[in-house]
Amino acid sequence: MAGGFDKQQMKTLQGITKNVHTMRHHCQVDGCEEAAINSHLLQRNGILNNIAENNHLIEARPTDFFKWNAIDCPIEFRQVGINQAISLSVFCDKHDTELFKKIEQGNLDFGDYETQLLLSYRVVCAEIVKKEQNIEITKRIQRANTLNFPAEMLNTELKGYQLGLRDLNEYRKLIESELNAPTSKFHFRRYSYSKIAVAASATFSYEVDAGTSRGIEKSFEGKVWDTGFIHVIPTGTSLEIVVGYHEDHTNDYLVRYIDSWANLDDVALKMQLTDLFAARIEGWVMSPSLFKSLSNGAKDKFMRYFSDNAANYNMLQRPDFSLFDK
Ligand SMILES: [Zn+2]
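All of these numbers come straight from a predicted model, not from anything done at the bench.

Student: Would you mind going over the side chain of histidine 25 with me for this structure?
Tutor: Examined against the element boundaries, histidine 25 turns out to sit in the loop between α1 (7-21) and β1 (37-40). Polar side-chain contacts of histidine 25 include one of 3.4 Å to the side chain of glutamine 133. Setting aside residues up to four positions removed in sequence, histidine 25 forms contacts with Glu34, Ala35, Ala36, Ser89, Val129 and Gln133.

The structure is reproduced here in structure tokens:
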């Protein structure tokens, strides 16, 4: 949206966002009424600890009001304590412990199917919570008298979140049934590289028709968008990439994208990570010293690439630079 907000409108927006983000959720497990606790998308011990320094990480995430306002810095890099890093209230204490026991212990086997499913299950449930928050924020913006955004824009936004939520709920069911009775319908690849101090866990839609009438029709017809799952996991010595899809919800481009994580040299891996963080997923962390080493030129390019892609669904576009260039 062109232009900016006045002070009062900014305050209203900040209030809405803060209230929704601090709302108490119940646990995402079907039928569980317990309150959700804050927990990490990627475990602290054995993963986030591998890149934290003095118990801190740098979190990169889209600025809350980026979509609503033409601002210069669409991404915030914030230093956060390790307890706050990529965490969200998703499950109650009991389910958080029980469901993920297998991946909360050290020495994960990233080639193990159940481990790959559990990593993906946690992030799908977390993205459900984020979508629900975005829906609530949008509804409150619609109701706020002082915020006169174009009604059509808000309706489109809301519809997009609702369709996204429907898809995530479908993937949640698919993963649950796969955890209960594996049929190997999810296909994951695992790639191992030299360590880069970054971490992320996310889903991403991979519809080449997204943003076109064909992609939108598919969604309105009740068809789930093809989706990838990606986990970028720093160990003590390596960077593990676990990336996959469900065989009933995929396309040649998605499979090719997943295969494109194979056999990368250092330069290509850094460009691939740049593309992932700027254009495909929201929210990731890096070590404070890696953040300090980023050049201002690379950060500026990254911001520009992010802004351009926020309004552009071209899945096949790739950056010609790396955020991690020295
Ligand atoms: Zn629960």
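Student: Explain the coordination of the zinc ion to me, please; I cannot follow it from the model alone.
Tutor: Under ideal tetrahedral coordination, the four donors around a metal are separated by 109.5 degrees; under ideal octahedral coordination, the six donors are separated by 90 or 180 degrees. The protein atoms that coordinate the zinc ion are Cys27 (SG), Cys32 (SG), Cys92 (SG) and His95 (ND1), at distances spanning 2.0 to 2.3 Å. Around the zinc ion, the four donor atoms sit at angles spanning 100 to 114 degrees, and that spread fits a shape best called tetrahedral. Mapped onto the sequence, the donors of the zinc ion take the spacing C-x4-C-x59-C-x2-H. Here the residue cysteine 27 occupies a position in the loop between α1 and β1, and histidine 95 occupies one in helix α2 (residues 93-99), the gap between them amounting to 68 residues. Classification of histidine 95 as buried rests on a relative accessible area of 14%.

Student: Quick question: what am I supposed to make of the sheet that holds strand β3 (residues 75-81) here?
Tutor: As a general point, the strands of a sheet are linked pairwise by backbone hydrogen bonds and lie either parallel or antiparallel. On the basis of which strands lie adjacent, the open sheet formed by seven strands has the order β3-β2-β9-β6-β7-β8-β5 and antiparallel pairing. On the outer flanks of this sheet lie β3 and β5 (186-194), each paired with one strand and no other. Taking the axes of each pair of neighbouring strands and ignoring which way they run, one obtains an average angle of 20 degrees across the sheet. Examined bridge by bridge, strand β6 (residues 198-205) and strand β9 (residues 284-286) share two bridges and lie antiparallel to one another. Across the sheet, valine 198 pairs through a bridge with methionine 286, a residue of β9. Lying over the sheet, helix α8 (residues 266-280) contacts β5, β6, β7 (227-234), β8 (238-246) and β9, oriented at roughly 55 degrees with respect to β6.

Procedures and definitions
Residues numbered from 1 in each chain as written. Predicted model: local features only at pLDDT ≥ 70, side-chain atom pairs only at ≥ 80, totals over all residues. Heavy atoms only, no water. Helix = DSSP H or I, 4+ residues; strand = E, 2+ residues; numbered from the N terminus. Polar contact = N/O pair within 3.5 Å; in protein donor to acceptor, adjacent residues only side chain to side chain. Contact = heavy atoms within 4.5 Å. Donors = N, O, S within 2.8 Å, 3.2 Å for Na, K, Ca; no water. Tetrahedral: all angles 85-135°; square planar, octahedral: opposite > 155°, others 65-115°. Buried < 20%, exposed > 50% of the residue type's maximum accessible area, 1.4 Å probe, protein only. Pairing = 2+ DSSP bridges. Axes fitted to C-alpha atoms, helices over the stretch in contact; angles between N-to-C directions.

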